[in-house]
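# Examination of the molecular architecture
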Amino acid sequence: GSARGVEVRMATELYQLSAKTVSKVILHATKYAHGEVCGCLLGRQEEHTVIVEDCIPFFHKAENKHSPLLEVALAQSESYAGTLGLKVCGFYQGNELSDDGSLHASTKKVGDSVRDRSAFPRACLLLLDNDAFTTWGTS
């Protein structure tokens, strides 16, 4: 059978993440499990569904979210997404500490920037559940 992704319903919107997206986000987070990771999500909107088809891992250090590198990474991601007929439709973050389930203020600012830059009104922020990674496969 075909690989299935993940669906998340938020209010009246449905966010559908492809298996490719989920795999890349999880691999990024597990490769750099000792630190914060982040990246952008690429997708398109069909009626009330945002279809996230891919992601681009950016950094694995929190301080890079505050640097000019982020603006460059977003600009290059927008350009690449355009070649695929997609837009930057969101941003993901995995926090450094397993018990940190908060969405940092800096990430919220990045999310606002993604929404404003891409003119994607339903841009989303995806926060990884680090605690689930540390308990995965232990039960």
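Heads up: these notes are all about the structure in this document. Please read all numbers here as calculations on a predicted model, not as lab measurements.

The biggest cluster of nonpolar side chains holds 15 residues, and the ones touching the most others in it are V37, L41, V50, V52, C89 and Y92. Broken down by secondary-structure element, the contributors of at least two residues to this core are β2 (13–17), α1 (19–31), β3 (37–46), β4 (49–59) and β5 (87–94). Of the residues forming this core, the biggest block, three residues, is contributed by β4. Residue contacts for V37: discarding those within four places in its chain leaves H28, A29, Y32, F59, H60, Y92, Q93, G94 and L128. Listed in part, the 14 residues of the second largest apolar core include C38, L74, L86 and V114.

For the pair helix α2 (residues 68–83) and helix α3 (residues 105–118), interaxial distance at closest approach is 12 Å and the crossing angle is 40 degrees. Judged by the twist between their axes, the crossing of α2 over α3 is right-handed. Where α2 abuts α3, its residues L70, E71, L74, A75 and E78 lie against V110, S113, V114, R117 and S118. Taken together, the residues of the contact of α2 with α3 sort by class into five nonpolar, two polar and three charged.

A separate point is the pattern of salt bridges. Per the counting criterion, the structure on display carries eight salt bridges. Here R115 and D112 are joined by a salt bridge, their closest N and O atoms 3.3 Å apart. Of this pair, R115 and D112 are both found in helix α3, three residues apart, which corresponds to roughly one turn of the helix. Judged by relative accessible area, R115 falls into the partly exposed class, the value being 33%. D112 sits in the partly exposed class, given a relative accessible area of 35%. In the salt-bridge network here, residues are joined through shared partners; they are K20, K24 and D54.

The next subject is the pairing of β5. If a strand is regular, its side chains alternate between the two faces of the sheet. The buried fraction of β5 amounts to seven of the eight residues, a majority that puts the element mostly inside the structure. Two strands pair when backbone bridges link them, and β3 and β5 are joined in this way by seven bridges, in the antiparallel orientation. The residue bridging V37 from the neighbouring strand is G94, located in β5. Bridge analysis of β5 against strand β6 (residues 124–127) gives four bridges, and the strand direction is parallel. Within β6, the position partnered with Y92 by the bridge is L126. Crossover handedness for the path β5 to α3 to β6: right-handed.

Moving on: the environment of E71. Its place among the elements puts E71 in helix α2. Accessibility expressed as a relative area gives 39% for E71, which makes it partly exposed. Sequence separation of E71 and V110 is 39 residues, and the distance between their C-alpha atoms is 9.5 Å. Beyond its immediate stretch of four places on either side in the chain, E71 contacts S113 and R117.

Rules and cut-offs
- Residues numbered from 1 in each chain as written.
- Predicted model: local features only at pLDDT ≥ 70, side-chain atom pairs only at ≥ 80, totals over all residues.
- Heavy atoms only, no water.
- Core = buried A, V, L, I, M, F, W, Y, C linked by side-chain atoms within 4.5 Å.
- Buried < 20%, exposed > 50% of the residue type's maximum accessible area, 1.4 Å probe, protein only.
- Helix = DSSP H or I, 4+ residues; strand = E, 2+ residues; numbered from the N terminus.
- Contact = heavy atoms within 4.5 Å.
- Axes fitted to C-alpha atoms, helices over the stretch in contact; angles between N-to-C directions.
- Left-handed = near helix turned anticlockwise from the far one by under 90°.
- Nonpolar A, V, L, I, M, F, W, Y, C, P; charged D, E, K, R; others polar.
- Salt bridge = Lys/Arg side-chain N within 4 Å of Asp/Glu carboxyl O.
- Pairing = 2+ DSSP bridges.
- Right-handed = clockwise from strand over helix to strand, strands pointing away.

Just geometry here; none of it tells us what the structure is for.
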